[in-house]
Amino acid sequence: MHFSGCKYRTLLSIKRIFCRFFEMPFYAVIFRTSKAGAIAKNWEEARGLRDATPNSYAKKFDTKIEAEKYIKDFKFVIMANTQSTNDHFKGVKRKRSDNPLYPISSVKDHIKKIKMAFSDLRVAVLSFSGLSPTCADQLKILNDEVIGKLHEILNVNETESIEDLSLVATTNTPLNKNLTCSSNIDAFDGTNLLPSELESAKKSFTFNEKNQVVVYTDGACSSNGQKGASAGAGVWFGNDHPLNLSIKVPGTQTNNNAEIFSTIKAIERVYSTGLTRISIHTDSDFVIKSVNEWMPRWLSKGWKTSAGAEVKNKEMFMILNKRIQSMDSVSWTYVPGHKGITGNEEADKLARIGAKM
């Protein structure tokens, strides 16, 4: 897929989404009678192998290594490929299950995740300045291709009464080549972690003496203040923590916007675990003063400065204020940047990665 006029990072976004949502799991197929096993790359293959012989079953794994280990633990022989396995059991009949390939509830859940990903991609594509007029049309083509792939992978019957598969209509804003990301930044980040994973993430937090989750945030912007600037935000809870985040900043591409956005994401990710107390460590004196000193005055004046001018980064600050209000306790700690403080250095790395997305 080629997007005329779009930048290279758009293609990377597309690649990441397809890799994330269309990479199939692996299945270990166990043949008890012959004491053998096989690896299938998708459920269609696995079901075919399972149904080809009595006394067999298939088990799903996230990786090929896990599937192979499962077979080896039985001390069974792993057959080289699924084609030879099919030939081996050719002619052996077994009653097929009447169950659908995926239950409708599973299909709906998968569609919801893909819609969220496509919405993020759509925002990324349409946020570029100087966007080619054909880019929105190309996005529609991508939508059709994704839908086709979705039907193919999930084996969705078009007559099934499941929710609309259209991805282009997943946001309220119309396709417009002048659209920026700002219309979507208020979308709450609930993370893609399962409940069990969120519980594990919660146990991995570091807490201060006030029982607040300690987090480091940072923003970065290449070519800040210039044409072609690109901003990213970083959120760091600890080494290899599942809620650490690198993300491209929507809307205006400036360092200050990135600093604000990183704190928004930090609050959202803590809130998603059910906790409502957070201690934000940032090297942005601008954000800390804005929240503690200037924001109360802005609120009293309808988001105007003392001179009556519109507050810069108003939309970001309005969202940050909403996120703060959702918490029981939010404290702010200034940390000097680039002074070897681990949390700050790691958040900075994540922010720089986000700026390159």
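Per chain, residue numbering runs from 1 following the sequence as it is written. Owing to the predicted nature of the model, reporting of local features is limited to residues with pLDDT of at least 70; listing and counting of side-chain atom pairs is limited to 80 or more, with chain, interface and lining totals taken over all residues. Computation of side-chain values covers all heavy atoms of the structure but excludes hydrogens and water.

Engineer: How should I be thinking about the packing of helix α8 (residues 255-271) against helix α10 (residues 314-325) in this particular structure?
Structural biologist: For any two helices packed against each other, one specifies the inter-axial angle together with the distance between the axes. As a rule, the C-alpha atoms of each element are fitted with a line to give its axis, helices using only the stretch in contact, and angles between N-to-C directions run from 0 to 180 degrees. Counting from the N terminus, the helices are DSSP H or I runs at least four residues long and the strands are E runs at least two residues long. It is the contact of α8 with α10, at a shortest axis distance of 10 Å, that shows an interaxial angle of 25°. Taken together, the axes of α8 and α10 lie roughly parallel to each other. At the point where α8 passes α10, the crossing takes the left-handed sense. For the pair formed by α8 and α10, the contact residues are Asn257, Ile260, Phe261, Thr263, Ile264, Ile267 and Glu268 on the first element and Met316, Phe317, Ile319, Leu320, Arg323 and Ile324 on the second. Looking at the contact of α8 with α10, its residues break down into nine nonpolar, two polar and two charged. What sets the label is the angle itself: under 35 degrees gives roughly parallel, over 145 gives roughly antiparallel, 65 to 115 gives roughly perpendicular, and the rest give oblique. Two helices crossing with the near one rotated counterclockwise from the far one by less than a right angle form a left-handed crossing, whereas a clockwise rotation gives a right-handed crossing. Residue contacts follow a heavy-atom distance rule, with two residues in contact if any of their heavy atoms lie within 4.5 Å. Lys, Arg, Asp and Glu make up the charged group, whereas Ala, Val, Leu, Ile, Met, Phe, Trp, Tyr, Cys and Pro make up the nonpolar group; the residues left over, Gly among them, are polar.

Engineer: Can you walk me through the pairing of strand β5 (residues 213-222) in this structure?
Structural biologist: Relative accessibility decides the category of a residue: with a 1.4 Å probe and only protein chains considered, values under 20% of the type maximum give buried, values over 50% give exposed, and everything between is partly exposed. By the criterion of burial, β5 is predominantly enclosed, with nine of the ten residues buried. For two strands to be treated as a pair, DSSP must find at least two bridges joining them. Across five bridges, β5 lies against strand β8 (residues 277-282) in parallel orientation. The residue bridging Tyr216 from the neighbouring strand is His281, located in β8. Bridge count between β5 and strand β6 (residues 230-236): seven bridges; the pairing is antiparallel. Directly across from Ser222, in β6, lies its bridge partner Ser230.

Engineer: I tried to follow the sheet that holds β5 on my own but got confused; where do I start?
Structural biologist: Sheets are built from strands paired through backbone hydrogen bonds, the pairs being either parallel or antiparallel. Here we have five strands laid out as an open sheet, ordered β7-β6-β5-β8-β9, and mixed in their pairing. Unpaired on one side and paired on the other, β7 (245-248) and β9 (329-334) mark the two borders of the sheet. Along the sheet, successive strands turn relative to each other by an average axial angle of 25°, direction set aside. Pairing of β8 with β9 involves six bridges; the strand directions are parallel. Bridge pairing links Arg277 to Ser329 in β9. Sheet contacts for helix α11 (residues 342-355): β5, β6 and β7; angle to β6, the most-contacted strand, approximately 140°.

Engineer: I would appreciate a short explanation of the sheet that holds strand β2 (residues 36-40) in the present structure.
Structural biologist: Taken together, the four strands give an open sheet; going across it, the order is β3-β1-β2-β4, and neighbouring strands pair in mixed fashion. Only two strands of the sheet have a single neighbouring strand rather than two, namely β3 (56-61) and β4 (77-78). With two bridges connecting them, β2 and β4 associate as parallel partners. Bridge assignment links Ala36 to a residue of β4, and that residue is Val77. Strands β1 (26-31), β2, β3 and β4 of the sheet are contacted by helix α3 (residues 64-73), whose axis makes an angle of about 15° with β1.

Engineer: Any chance you could explain the pattern of salt bridges here in plain terms?
Structural biologist: In a structure, side chains of opposite charge can pair up when their charged atoms sit close to one another. Any carboxyl oxygen of Asp or Glu that lies within 4 Å of a side-chain nitrogen of Lys or Arg is treated as forming a salt bridge with it. The final tally for this structure, using the stated rule, is eleven salt bridges. The shortest N-O distance in the salt bridge between Glu44 and Arg47 comes to 3.5 Å. Here Glu44 pairs with Arg47, and both are found in helix α2 (residues 43-51), just three residues apart, close to one helical turn. With relative accessibility at 46%, the residue Glu44 sits in the partly exposed group.

Engineer: Please clarify how the nonpolar core should be interpreted in this entry.
Structural biologist: One recurring pattern in soluble globular proteins: nonpolar side chains tend to sit buried together. Residues Phe237, Ile278, Phe317, Leu320 and Trp332 are the most contacted members of the largest nonpolar core, which totals 37 residues. Looking at this core, the elements with two or more residues in it are α7 (195-203), β5, β6, α8, β8, α9 (285-300) and α10. Per-element accounting of this core gives the leading share, seven residues, to α8. Filtering out sequence-adjacent residues up to four positions away, Trp332 remains in contact with Thr263, Ile280, Thr282, Val287, Ile288, Val291, Asn292, Leu320 and Ile324. In plain words, nonpolar cores are sets of buried Ala, Val, Leu, Ile, Met, Phe, Trp, Tyr and Cys residues tied together by side-chain atoms within 4.5 Å.

Engineer: Even after reading the chapter, I still don't get α11, so can you show me in this structure?
Structural biologist: Here the expected span of a helix is defined as 1.5 Å times the quantity of residues minus one. Taking 1.5 Å of rise per residue, 14 residues should cover 20 Å, and α11 covers 20 Å from first to last C-alpha, within 8% of that figure. For α11, the elements touching its buried residues are β5, β6 and β7.

Engineer: What's the story with the side chain of Thr276 in this structure? I'm lost.
Structural biologist: For Thr276, the position within the fold is in the loop between α8 and β8. For this analysis, a polar contact is any N or O atom pair within 3.5 Å, provided that within protein one partner can donate a hydrogen and the other can accept it, and provided that sequence-adjacent residues contribute only side-chain to side-chain pairs. Among the polar contacts listed, one links the side chain of Thr276 to the side chain of Asp328, at a separation of 2.6 Å.

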